[in-house]
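Coordinate inspection notes
Letter by letter, the chains look like this.
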Amino acid sequence: MLIALYGDQVAPRFDLATEVHIFQMAGNGELLEQKTVVLPRASAEQLCHLVLVEKIQTVICGGIEDEYYKYLTWKNVSVFDSVVGSYKAAIKRLQSKTLRPGDIIRESIVRRKNGTEPQKLV
Amino acid sequence: MNTWQHTQIKGLFKTPIELPSLMDEIPLGIAVLDTQRRIVLINRAFEALSGFSLGDARGIPCFHIMRSRLCIQKCPIKKMDSNSESISVESDMINKERELIPVLINLSPIKDTHGHLIGFLETVEDLRPLKEVDAKIQQAYGFRHIIGKSREMTKLFQTIPLVAQNDSAVLITGETGTGKDMLAEAIHQASNRAKGPFVKINCGALPETLLESELFGHQKGAFTGAVENKPGRFRLAHNGTLYLTEVGDLPLALQVKLLTFLDDKVVYPLGSTKGFQANVRVITATHRNLDMMVKERMFRKDLMFRLNVVRLHLPPLRKRGDDVRLILDHFLNIFASRFRKDVKNISKKALQILLDYSFPGNVRELRNVVEYAVNICPKGQIQPMHLPAYLMDAKSQSALSPFGEAEPSEWSAPPITSNIEKSDHWTWASRERDIIMEALVKAGGRRNKAAAILGWGRSTLWRKMKQYKINEQ
């Protein structure tokens, strides 16, 4: 599974994401393997390529252009787009199988103390 | 949490007014942010543009809702304080419908009565309508289904969107097969009448009596056989465009009736005293030389003046230079995929045959030649043997009258100044060769000077000279 990142938040734009969090999840929701990859530059095409190369089955992001959304779904990748919140909160929802496209995980944003500036992960 | 619902403006009128309802009336996306760049309020236009409702967006950092390139790459608000001036930046955003929208974002600080920064005002203008018009004007290599990159065609493509925007009568001239019908339809499609009907009638296809009834309609019993009312093409084209092709073939009697309509915009069906106010834009086309016909009293001068408000001339293919190659490749792709044939390109020899041919039937003829070749060619490259035999027969080519009934020089834009005697059956290649020869003669054989006369680089001149084998002579 792949989450496009903007700091510690789900990236508002798939095409402008320069970091991604890639992880594997067992059937019971347990996280098996996690890594954060920094991309050389923001590019929707390269991100789609990465998704296919890494054999990703689920992508979580904010805004995504229809062209890339259709391409990924055509390649049998599930896309949860327009997700708003921290990437950790998105993973939790995914683990509990409650994540839906367009979810606004308000508590993960409102509770943050350091203002709205996303925190750098890498 | 409902405090924003009761945000009121006091002192402006006798009674307080609600801020959100006032903002909703403004047709520009507006977002009010706090100092932490969280959404406080958005108006209806912003909701429509972004796809997020006020309930969803409230309290969320604006970059999650705006999703603009500006937010992510270089948010100007970060450096904005109470003394900052407003900033206007062009950017783009992706809405919930997954559309990438070009936008103009205006950001300004909001200050309290003491001058302290209390938030930011963000306005977002959808630039799509403007970009569409720009694209139409800048997309010079084609308009709708018409393609070309020659100077004349580029100029035409830039003119069409402008001509389409008003209701002026348009006269399209050009030889047969140059694309007059396509141009008329392109004008209609680009105009405000695009949702209305586009009605076409060929003035040369019907006898006079039938044509009158066809154009203006008739009343039941107006003549023998008129068993019911007929609306006529003018009435059918109401709120749309009526395209009269081959208007040069319109009989004189009907020319008067058309003239009357153009003046009064009222249609009187045959046998009826009751007129119909038709809101119709008239586009006409002809391959005939109307100026000459006016002189010969075959066409009414006053009608000519009314039709000739905007004249668009489609140049013949032999005057469109490299367009032959462009159109050739275009049709090759179309027919190869339509016939499901693995025909990839055209051989040099076959291409040279086509470039040397003058195409009296213009684009239509080229289209037919390519269709024939794709049909005949089994796969791979089109060879000379796959082309119609008449192309290689120079005699048959010269036997044909390339200009049909019209005299193209009368219709055309002023030709390139040249003292070289013009041949009736020249091709673009022969014309270009002549121009090079003339420049070389003028320059006394000095290539640098000849290139300067032609406005080309020395290497271009060298390449063209090699192409036309001028050196060898």
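Further up the page is the structure itself.
Fair warning: this is a prediction, and the values are worked out from it, not measured in the lab. (Residues numbered from 1 in each chain as written. Chains lettered and ligands numbered in written order. Predicted model: local features only at pLDDT ≥ 70, side-chain atom pairs only at ≥ 80, totals over all residues.)

Bringing the packing of helix H7 (residues 151-164) of chain B against helix H8 (residues 180-190) of chain B into the picture now. Residues and elements named next belong to chain B. At a closest axis distance of 8 Å, the pairing of H7 and H8 adopts a crossing angle of 50°. On the basis of the axis angle, H7 is oblique to H8. Taken as a pair, H7 and H8 cross one another with a handedness that is right-handed. Where H7 abuts H8, its residues Ile160, Pro161, Val163 and Ala164 lie against Ala186, Ile187 and Ala190. (Axes fitted to C-alpha atoms, helices over the stretch in contact; angles between N-to-C directions. Helix = DSSP H or I, 4+ residues; strand = E, 2+ residues; numbered from the N terminus. Parallel < 35°, antiparallel > 145°, perpendicular 65-115°, else oblique. Left-handed = near helix turned anticlockwise from the far one by under 90°. Contact = placed C-beta atoms within 7 Å.)

Each partner contributes residues to the interface: chain B has 18 residues there, and chain A has 17 residues. For the side of chain B that touches chain A, the secondary-structure elements that each account for two or more residues are helix H4 (62-66) and helix H5 (69-74) of chain B. Among the elements that make up the side of chain B that touches chain A, the one with the highest residue count is H5(B) (3 residues). When the residues that make up the side of chain B that touches chain A are grouped by side-chain class, the tally is 7 nonpolar, 3 polar and 8 charged. (Nonpolar A, V, L, I, M, F, W, Y, C, P; charged D, E, K, R; others polar.)

On to the sheet that holds strand S11 (residues 198-202) of chain B. Residue and element names in this part refer to chain B. Spatially, 5 strands are ordered S11-S12-S15-S10-S16 in an open sheet, and the strand pairing comes out parallel. Two strands bound the open sheet, and with one partner strand each, they are S11 and strand S16 (310-314). On average, each strand axis in the sheet is inclined to that of its neighbour by 20°, with strand direction left out of account. As paired elements, S11 and strand S12 (residues 240-245) share 5 bridges and run parallel to each other. Within the sheet, the bridge partner assigned to phenylalanine 198 lies in S12 and is threonine 241. (Pairing = 2+ DSSP bridges.)

As a further point, take the nonpolar core. One finds A:Val10 and A:Ala90 to be the most contacted residues of the largest nonpolar core, which totals 60 residues. Those residues in contact with A:Ala90, other than ones at most four positions away along the chain, are A:Ile3, A:Val10, A:Ile60, A:Val83, A:Gly85, A:Leu99 and A:Ile105. Residues B:Ala164, B:Leu215, B:Leu242 and B:Phe299 belong to the second largest nonpolar core, which totals 39 residues. (Core = buried A, V, L, I, M, F, W, Y, C linked by C-beta atoms within 7 Å. Buried ≥ 20, exposed ≤ 12 C-beta atoms within 10 Å, placed from the backbone.)

No statement about biological role is implied by the geometric values presented.
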